[in-house]
Amino acid sequence: QLPCTVREFSEAAGVPASQILRILMEEGVMATMNALIDDDLTELIAAELGVNVELKEAVSVEDELLANIRDRQDDESELVPRPPVITFLGHVDHGKTSLLDRIIEIDVVSGESGGITQHIRAYTIEKDGKKISFVDTPGHEAFTEMRARGANVTDIAVLVVAADDGVMPQTEEAISHARAAEVPIVVALNKTDLPGVDLNRVMQGLSTNGLLPSEWGGDVEVVKTSAITGDGLDTLLDTVLTVAELHEYKANPNRPAMGTCLEAQQEAGRGVVAKIIVQNGTLRVGDVIVCGDAYGRIKAMYDTLIPEQRYEEVGPSTPVNVTGFDMAPGAGEHFYVLDDIADARTIAEARAESNRKVTLSGGAQHVTLETLFDR
Ligand code: GTP
Ligand code: MG
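Because the structure is predicted, anything quoted here is derived from the model rather than measured. (Residues numbered from 1 in each chain as written. Chains lettered and ligands numbered in written order. Predicted model: local features only at pLDDT ≥ 70, side-chain atom pairs only at ≥ 80, totals over all residues. Heavy atoms only, no water.)

**A look at the sheet that holds strand β8 (residues 185-190)**
And step 1. One open sheet holds the six strands; their spatial order is β5-β6-β4-β7-β8-β9, and the pairing between them is mixed. Two strands close off the open sheet at either side, each with one partner strand: β5 (121-127) and β9 (222-224). Averaged over all pairs of adjacent strands, the angle between strand axes in this sheet comes to 25°, irrespective of strand direction.
And step 2. Sheet topology places β8 next to β9; three bridges connect them, and they run parallel. Residue pairing for β9: A188 is matched across the bridge by V223.
And step 3. In the packing of helix α5 (residues 96-104) onto the sheet, contacts are made with β4 (85-90), β5, β6 (130-136), β7 (156-162) and β8, and the angle to β6 comes to roughly 160°. (Pairing = 2+ DSSP bridges. Helix = DSSP H or I, 4+ residues; strand = E, 2+ residues; numbered from the N terminus. Axes fitted to C-alpha atoms, helices over the stretch in contact; angles between N-to-C directions. Contact = heavy atoms within 4.5 Å.)

Here is the structure:
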């Protein structure tokens with residue numbers, strides 16, 4: 001059900017907008033021409049004006065053009081195993097990037113400004129012939145959104161907790177994101193190389209937050225790690241892979257791709273570069289794609305670790321940098337591949353239009369009398 005605006009109501013009912021705004025004002029609602037009025041208000045205004053309204057289930061362009069692509073269920077026979085997506089979450093500086101660096105044997109940390117991850121990183125690696133995808137999120141409190149996004153695209157959350165610091169605010173926040181996403185949590189109790197750390201205290205903190213360690217009789221695996229010495233990293237990876245094997249994650253590579261945008265920006269000389277993760281289907285160069293109110297045709301796809309490495313197609317659970325969007329899609333937006341570029345444009349434009357309405361009506365409390373009764 002899409003609410004309509006004051007203007008739309010006025011045009012549909014043939015009643016001056018000022019009259020509608022006056023009714024709204026009597027109800028204590030300060031509104032503008034472009035303000036959205038919900039169902040209850042619509043009925044109230046209709047009653048005041050003595051006009052009949054019929055509230056119809058709104059069929060948006062999006063639903064019409066996207067519904068069968070988005071809602072198509074895969075047949076069991078179409079599903080094949082896909083790599084697990086593993087996200088590192090936790091408080092700032094607890095060692096997420098360092099652990100991941102050790103696991104994939106690169107050094108991202110020393111290249112980060114102030115050692116704080118400001119981007120959402122995502123890589124696929126191969127371990128013993130099996131692919132695994134990792135997502136690294138920032139722990140800084142300013143990046144709530146990115147942690148939420150990380151949690152939403154993940155199969156398993158690795159909660160990194162530093163032994164010297166214990167459970168901190170963003171640790172708790174990460175726990176609730178992982179819970180909301182209904183994914184299993186494996187704890188990496190990190191920095192165990194530091195002298196004088198009290199591991200029991202950290203375990204106590206975890207228990208208080210509903211994560212009872214298995215060595216205390218609970219069902220949460222807590223792996224003691226050190227990104228500095230490398231201790232516990234094999235166990236961590238094994239634990240995570242065991243959880244992954246229990247779940248047998250599957251996807252259908254033989255359908256148009258769909259997934260989520262992790263982040264996107266305009267880059268000089270390259271246009272929009274979007275980091276996206278394919279969650280189902282196969283994405284190919286040349287595909288028509290829509291993501292939020294951005295759309296386009298995939299021009300090129302690049303590895304997220306090795307920028308020179310290009311791909312013609314990528315399958316489920318793969319993060320990849322893509323070019324070809326007309327503008328940067330919003331992070332966290334879902335993307336879909338369509339047949340027709342005209343449909344993609346229609347959807348993108350319809351969304352941009354409804355975003356605009358929402359933005360305009362968002363300022364409704366600050367209207368002055370002039371703007372209230374203009375036109
Ligand atoms: P944000 O991305 O800012 O949230 O931090 P992060 O969780 O990715 O932490 P990062 O890997 O950047 O590590 C923060 C600091 O802790 C760095 O100086 C690391 O060298 C150090 N560190 C990480 N892991 C360990 C560890 O196991 N032992 C010790 N002693 N130091 C560690
Ligand atoms: Mg980091």
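Moving on from the coordinates now.
**Quick look at the environment of Q279**
And step 1. You can see Q279 is positioned in strand β12 (residues 271-280).
And step 2. Placed 194 residues apart in sequence, Q279 and V85 show a C-alpha to C-alpha distance of 9.4 Å.
And step 3. In this view, Q279 contacts R82, N152, V153, A251, M258, G259, T260, P316 and S317; residues no more than four positions away in its chain are not counted.

**Looking at the pairing of β4**
And step 1. Taken across its six residues, β4 has six buried, putting it largely inside the fold.
And step 2. Alternating residues of β4 divide into V85, T87 and L89 and I86, F88 and G90, and every residue in both groups is buried.
And step 3. Sheet analysis places β4 next to β6, joined by four bridges and oriented parallel. Among the inter-strand pairings, V85 is bridged to a residue of β6, identified as S133.
And step 4. Across five bridges, β4 lies against β7 in parallel orientation. Looking at the pairing, F88 lines up with V158 of β7. (Buried < 20%, exposed > 50% of the residue type's maximum accessible area, 1.4 Å probe, protein only.)

**Section: the pairing of strand β18 (residues 318-325)**
And step 1. Counting buried residues along β18, seven of its eight residues qualify, which places the element largely inside the surrounding structure.
And step 2. Strand direction decides the pairing type here: β12 and β18, joined by six bridges, are antiparallel. Each bridged residue has a counterpart across the sheet, and for K275 the counterpart in β18 is N321.

**So, the site of ligand 1**
And step 1. Around ligand 1, a shell composed of 21 residues is seen, among which K96, S98, T117, G139 and D193 lie nearest.
And step 2. One of the backbone N or O atoms of D93 is found 3.0 Å from an oxygen atom in ligand 1.
And step 3. The separation between an oxygen atom of ligand 1 and a polar main-chain atom of G95 is 2.9 Å.
And step 4. The protein chains hide 84% of the 650 Å² of surface that ligand 1 would expose on its own.
And step 5. Considering each element in turn, the shell around ligand 1 owes the most residues, three residues, to α5.
And step 6. Across the shell around ligand 1, the residue classes tally to seven nonpolar, ten polar and four charged. (Near = heavy atom within 4 Å. Polar contact = N/O pair within 3.5 Å; in protein donor to acceptor, adjacent residues only side chain to side chain. Areas by Shrake-Rupley, 256 points an atom, 1.4 Å probe, with all protein chains shown as cover. Nonpolar A, V, L, I, M, F, W, Y, C, P; charged D, E, K, R; others polar.)

Purely spatial values, then, with no claim about function.
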